[in-house]
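A look at the structure
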Protein chains: 2
Amino acid sequence: MADIANWLASAQAWIEAELERALSRSLATAPPRLAEAVRYPLLGGGKRLRPALALTCCELVLEKAGSPTTRARELALPAALGLEALHTYSLVHDDLPCMDDDDLRRGRPTVHKAYGEATAVLVGDALQALAFEWVAHGPRAAEAVRVLARAAGARGMVGGQALDLASSEPGAAVDLAAVRAIHGLKTAALIEAACELGALAAGARERERRVARAYGRALGLCFQAVDDCLDVTGDAATLGKTPGKDQRLERGTLVAVAGLEGARVEAALRAAEALGALEGWDGGAARSLREVVAFVLQRSR
Amino acid sequence: MADIANWLASAQAWIEAELERALSRSLATAPPRLAEAVRYPLLGGGKRLRPALALTCCELVLEKAGSPTTRARELALPAALGLEALHTYSLVHDDLPCMDDDDLRRGRPTVHKAYGEATAVLVGDALQALAFEWVAHGPRAAEAVRVLARAAGARGMVGGQALDLASSEPGAAVDLAAVRAIHGLKTAALIEAACELGALAAGARERERRVARAYGRALGLCFQAVDDCLDVTGDAATLGKTPGKDQRLERGTLVAVAGLEGARVEAALRAAEALGALEGWDGGAARSLREVVAFVLQRSR
């Protein structure tokens, strides 16, 4: 796992420096208190998995074409910035009192705890606008905006959050298929978009975009399956958020419908599917993407 | 005012049919309950001023170029749809209990009253994503997305809402300049974007975009000045929302800092500025845009 730790650390350093730069430019004329509250969650840590995936899928397509990967960071940057802004907005809104009502995120008070509820709503709204502004500066920008918007909206991430909330209503019948549907929208849609946007930035054709999507979707489902396990087995220090949350909220999770071992099996199945999507692809980027799968999976143990 | 009533009614009929069609396509695979809640505010009436302005500014630029205006609806449609989705999301979030806490909008229960607070947050979030998805289907899409995102975000509409909320905090010092700044961001930024996006859709050059922006900005400031008057003088039936709201929330409004007559003077000044921006422009579209100014202004009496 040493390689993958380096891979993630390198992408983190890159995207954090670029987020800092992009925020300074985009928030220069914003009201100072709001600007500060927007920076707080976006620069407050996080794995930066989505930007790292976008960058690596960009490299994957460049390698396939025999092009040098030296331009990958430049090409993938708008998508990487936008993905992180969009993901962060979703965390800010998910933590709101009327949603998951969480006090702790990435080891710090959530935005509404630190700045108040109204500001937290506005911070999420501003971050979503920033996401599209940033993505619209990249290659094949119009198509990239459409991919991100579909993944983010009512038939993607927001739809998944709506289903997730509904799953905790009294009398909701939640089975394995329902949980998979929630995970597909709530988590996998944006990770799939991260991979597709990276490929798109490298000029991918439809076949290559399909590979990136299939890999991202399976990895996203694996990631959420592992997350469900960690909600039961993890502690606040490791997670940086409140463990046992799903149970408290009586959410339909994989662990609830399939048990801890069932959830681990689901994670392993999705991991195999992600690896399968990369069959026949070699080179450094494909190797990294395979190691990401192993990295995500081992967290479930 | 007969002409302007026709102008608005015609744009309304157009955009409402198109919203219906676009929603059916974009929400086809969304969770049904969320889809219903997204439709509720977007198809629940409203003046549809922003789509009408985008369409007419598109015609303005086509007329100037000597091109037939028959394609204006086709060209301006993506921007018009996106503007209305974006405006509607802002209303849904502004009405939330942690924001303005309003029960009534366009004569009906607000989204959080009808569907609950969590769903209202998600509906706003989904509508913002839809806005960018739709705009990204239009001409000069990447530039259009950037214009909309800047107008919508922390240095535009969301920034204005943040300043507006801050103006009601105890001890906030609010003067005329502060109120103008709030109005410039909260209301004028998106109306300015509506005019610019319409011009852009027609292939406008920088000089024409500047005219559209100047007109839209002044009209937006006039519109909000009139709105501040109506909050004091209107009744719920006319407004379709709760009157006296700003006073209850102790917001810094034009009426609070300049009195009712001062607010009317401000509205008239901005109206003159909007008309000034159109100096030297003639043709049917310019005439309509002038009549819009008179239409907005007379509501203050």
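Residues numbered from 1 in each chain as written. Chains lettered and ligands numbered in written order. Predicted model: local features only at pLDDT ≥ 70, side-chain atom pairs only at ≥ 80, totals over all residues.

**Things to note about the overall build of chain A**
Going by this rule: Helix and strand assignments follow DSSP, with helices taken as H or I runs no shorter than four residues and strands as E runs no shorter than two, numbered in order from the N terminus. In this treatment the radius of gyration is a C-alpha quantity, and the globule benchmark scales as 2.2 Å times the residue count to the 0.38 power. To sort residues by burial, count the other C-beta atoms lying within 10 Å of each one's C-beta; a count of 20 or more means buried, 12 or fewer means exposed, and anything in between means partly exposed. C-beta atoms are built from the backbone. With C-beta atoms placed from the backbone, a contact is any residue pair whose C-beta atoms sit within 7 Å.
Across its full length, chain A holds 14 helices and 2 strands. Taken over the C-alpha trace, chain A has a radius of gyration of 18 Å; the compact-globule value for 301 residues is 19 Å, and the two agree within 12%. Considered along the principal axes of its C-alpha atoms, chain A spans approximately 55 × 50 × 35 Å. In chain A, which comprises 301 residues, the proportion classed as buried is 58%. Intrachain contacts of chain A at a sequence separation of at least 6 include 73% that bridge at least 24 residues.

**Overview of the relation of the copies chain A and chain B**
Inclusion rule: Here the copies were fitted onto each other by least squares, based on C-alpha atoms from residues at pLDDT of at least 70 in both.
Superposing chain A onto chain B takes a rotation of 180 degrees plus a shift of 0.0 Å along the axis, which leaves an RMSD of 0.0 Å. Within this description, the copies of the chain are treated as partners about a two-fold rotation axis. By C-alpha distance to the rotation axis, the residue of chain A lying nearest is A:Ala142, at 2.6 Å. Same-surface contact between copies: 100% of interface residues of chain A are shared with the interface of chain B.

**Some words on unusual backbone geometry**
Residues other than glycine predominantly adopt negative phi, and peptide bonds predominantly adopt the trans conformation. Residue and element names in this part refer to chain A. You will see that Arg 48, though not glycine, has its phi angle at about 60 degrees, which is positive. Residue position: Arg 48 is located in the loop between helix 2 (32-42) and helix 3 (49-64). Its identity as a non-glycine residue notwithstanding, Arg 140 has a phi of 45 degrees, on the positive side. Here Arg 140 lies in the loop between helix 6 (117-135) and helix 7 (141-152).

**Concerning the interface of chain A and chain B**
On the side of chain B, 42 residues touch chain A, which itself brings 42 residues to the contact. Secondary structure elements with two or more residues in the side of chain A that touches chain B: helix 2, helix 6, helix 7 and helix 8 (157-167) of chain A. For the side of chain A that touches chain B, the element with the most residues is helix 6 of chain A, which contributes 12 residues.

**Here's the deal with the packing of helix 8 of chain A against helix 6 (residues 117-135) of chain B**
We count it as follows: For every element, the axis is a line fit to its C-alpha atoms; helices are fit only across the contacting stretch, and the angle between N-to-C directions ranges from 0 to 180 degrees. Should an angle fall under 35 degrees it is taken as roughly parallel, and over 145 as roughly antiparallel, whereas 65 to 115 is taken as roughly perpendicular and any remaining angle as oblique. Throughout, a crossing is termed right-handed when the near helix is turned clockwise from the far one, and left-handed when it is turned anticlockwise from it by less than a right angle. Each residue receives one of three labels: charged for Asp, Glu, Lys and Arg, nonpolar for Ala, Val, Leu, Ile, Met, Phe, Trp, Tyr, Cys and Pro, and polar for the others, Gly being one of them.
Their axes nearest at 9 Å, the elements helix 8 of chain A and helix 6 of chain B cross at an angle of 165 degrees. Classified by the angle their axes make, helix 8 of chain A and helix 6 of chain B are roughly antiparallel. Our pair here, helix 8 of chain A against helix 6 of chain B, has a crossing hand that is left-handed. Touching A:Val158, A:Gln161, A:Ala162 and A:Leu165 of helix 8 of chain A are B:Ala118, B:Thr119, B:Leu122, B:Asp125, B:Ala126 and B:Ala129, all from helix 6 of chain B. Here the contact of helix 8 of chain A with helix 6 of chain B is composed, by residue class, of 7 nonpolar, 2 polar and 1 charged.

**Description of the packing of helix 6 of chain A against helix 7 of chain A**
Residue and element names in this part refer to chain A. Two elements in contact, helix 6 and helix 7, have axes whose closest approach is 9 Å; the angle formed by their N-to-C orientations is 150 degrees. In terms of their interaxial angle, helix 6 and helix 7 are classed as roughly antiparallel. Across the interface between the two elements, Ala 131, Phe 132 and Val 135 from helix 6 touch Ala 141, Ala 144, Val 145 and Leu 148 from helix 7. Residue classes in the contact of helix 6 with helix 7 are distributed as 7 nonpolar, no polar and no charged.

**Looking at helix 3 (residues 49-64) of chain B**
Here is the rule: By definition here, a helix of n residues has an expected span of 1.5 Å times n minus one.
Over its 16 residues, helix 3 of chain B runs 22 Å from end to end, which matches the ideal 22 Å to within 8%, given 1.5 Å per residue. The buried count for helix 3 of chain B comes to 14 of 16 residues, which makes it a mostly enclosed element.

**Looking at the environment of A:Arg155**
Within the fold, A:Arg155 resides in the loop between helix 7 and helix 8. For A:Arg155, a count of 23 C-beta atoms within 10 Å gives the class buried. In this structure A:Arg155 touches A:Arg150, B:Leu27, B:Thr29 and B:Ala30, once residues within four positions along its chain are discounted.

**Thoughts on helix 6 of chain B**
If you check helix 6 of chain B, its first and last C-alpha atoms are 27 Å apart, about what 19 residues at 1.5 Å a residue would give, namely 27 Å. By the criterion of burial, helix 6 of chain B is predominantly enclosed, with 18 of the 19 residues buried.

**Quick notes on the confidence of the model for chain A**
Keep this limit in mind: Each residue carries a pLDDT score, the predictor's own confidence in it, on a scale running from 0 to 100.
Within chain A, residue pLDDT values average 94, and 94% of them lie at 70 or more. Predicted complex, confidence summary: ipTM 0.95, pTM 0.96.

**What about the environment of A:Val179?**
Residue and element names in this part refer to chain A. Here Val 179 lies in helix 9 (residues 176-201). Each C-alpha atom of the pair Val 179 and Ala 256 lies 9.5 Å from the other, and the pair is 77 residues apart in sequence. When near neighbours in sequence (up to four residues on either side) are disregarded, Val 179 contacts Val 174, Gly 252, Thr 253, Leu 254 and Val 257.

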